[in-house]
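Tertiary structure, described
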Amino acid sequence: VQLQASGGGLVQAGGSLRLSCTAPGSIFRIATMGWYRQAPGKQRELAATFTSGGSTDYADSVKGRFTISRDNAKNTVYLQMNSLKTGDTAVYYCKANAPRNGIPRDYWGQGTEVTVSS
């Protein structure tokens with residue numbers, strides 16, 4: 001299963017970016033979709049999630065600045081990132097968590113790099 005993430009780039013502090021991630025429909029419609037990030041030298045951490053039932057959750061560090069959304073018709077999840085800070089610099093990964101044969105499984109995208117300059 002391949003998730004395709006895109007939208008990263010270089011932006012100045014205070015700017016905005018929107019990340020996109022597309023998953024196969026058979027996975028997307030039942031999955032909790034999430035965005036995670038990994039800064040250089042740090043562990044991967046959760047940024048935001050969006051369940052198939054419509055619930056969202058955010059890391060405290062991004063609340064009020066990032067918005068996760070999903071377009072079920074396009075099998076795509078987005079992460080709108082506003083008021084970016086240098087501390088948001090990281091590789092961003094999308095993840096789909098969905099059951100397969102009754103067992104939850106994680107499916108990861110390839111990562112898209114976000115660099116925020118001061």
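In what follows, the structure referred to is the one given above.
What comes next is a walk through the structure. (Residues numbered from 1 in each chain as written. Predicted model: local features only at pLDDT ≥ 70, side-chain atom pairs only at ≥ 80, totals over all residues. Heavy atoms only, no water.)

Attention now moves to the overall build of the protein. For the protein, the count of helices and strands is 1 helix and 11 strands. Counting from the amino terminus, the protein carries its helices and strands in the arrangement β-β-β-α-β-β-β-β-β-β-β-β. Taking 118 residues into account, the globule formula puts the C-alpha radius of gyration at 13 Å, and the protein, at 14 Å, falls close to it. Structurally, the protein occupies a C-alpha span of about 45 × 25 × 25 Å along its principal axes. (Helix = DSSP H or I, 4+ residues; strand = E, 2+ residues; numbered from the N terminus. Rg over C-alpha atoms; globule rule 2.2 N^0.38 Å.)

Spatial ordering of the open sheet is given by β1-β3-β8-β7, a layout of 4 strands whose pairing is antiparallel. Looking along the sheet, the strands with just one partner apiece sit at the ends: β1 (4-6) and β7 (66-71). Direction aside, neighbouring strands of the sheet carry axes that sit 15 degrees apart on average. Sheet topology places β1 next to strand β3 (residues 17-22); 3 bridges connect them, and they run antiparallel. (Pairing = 2+ DSSP bridges. Axes fitted to C-alpha atoms, helices over the stretch in contact; angles between N-to-C directions.)

The next thing to look at is the pattern of salt bridges. Applying the stated rule across the entire model yields 5 salt bridges. Put simply, Asp88 and Arg37 hold a salt bridge, and the shortest N to O gap is 2.9 Å. You can see Asp88 sitting in the loop between β8 (76-81) and β9 (90-100) and its partner Arg37 sitting in strand β4 (residues 32-38), a full 51 residues away along the chain. Taking the relative accessible area as the measure of exposure, Asp88 reaches 2% and is therefore buried. According to the relative accessible area criterion, Arg37 is buried, its value standing at 6%. Between Lys63 and Asp60 there is a salt bridge; the shortest N-O distance is 3.2 Å. Classification of Lys63 as partly exposed rests on a relative accessible area of 47%. (Salt bridge = Lys/Arg side-chain N within 4 Å of Asp/Glu carboxyl O. Buried < 20%, exposed > 50% of the residue type's maximum accessible area, 1.4 Å probe, protein only.)

Another aspect to go through is unusual backbone geometry. Not every positive phi belongs to a glycine, and Ser83 is a case in point at roughly 50 degrees. Among the secondary structure elements, Ser83 is positioned in the loop between β8 and β9. The phi dihedral of Asn101 is positive, around 55 degrees, even though this residue is not glycine. When you line up the elements, Asn101 lands in the loop between β9 and β10 (103-108).

In this section: the nonpolar core. One finds Leu3, Met33, Trp35, Ile68, Leu79, Met81 and Tyr92 to be the most contacted residues of the largest nonpolar core, which totals 32 residues. Those elements giving two or more residues to this core turn out to be β3, α1 (25-28), β4, β5 (45-50), β7, β8, β9 and β11 (112-117). No other element matches the 5 residues that β9 contributes to this core. Beyond its immediate stretch of four places on either side in the chain, Met81 contacts Gly15, Ser16, Leu17, Leu19, Arg65, Phe66, Tyr92 and Val114. (Core = buried A, V, L, I, M, F, W, Y, C linked by side-chain atoms within 4.5 Å. Contact = heavy atoms within 4.5 Å.)

In terms of burial, β8 is a largely internal element, 5 of the 6 residues being buried. If you look at the hairpin formed by β7 and β8, you'll find 4 residues sitting between the two strands, and Asn75 has a positive phi there, around 55 degrees.

Glancing now at the side chain of Asp88. Reaching out from Asp88, the side chain makes a polar contact with the side chain of Arg65 at a distance of 2.7 Å. Setting aside residues no more than four positions away along its own chain, Asp88 makes contact with Arg37, Arg65, Phe66, Ser83, Val114 and Val116. (Polar contact = N/O pair within 3.5 Å; in protein donor to acceptor, adjacent residues only side chain to side chain.)

Distances and angles like these do not, on their own, reveal function.
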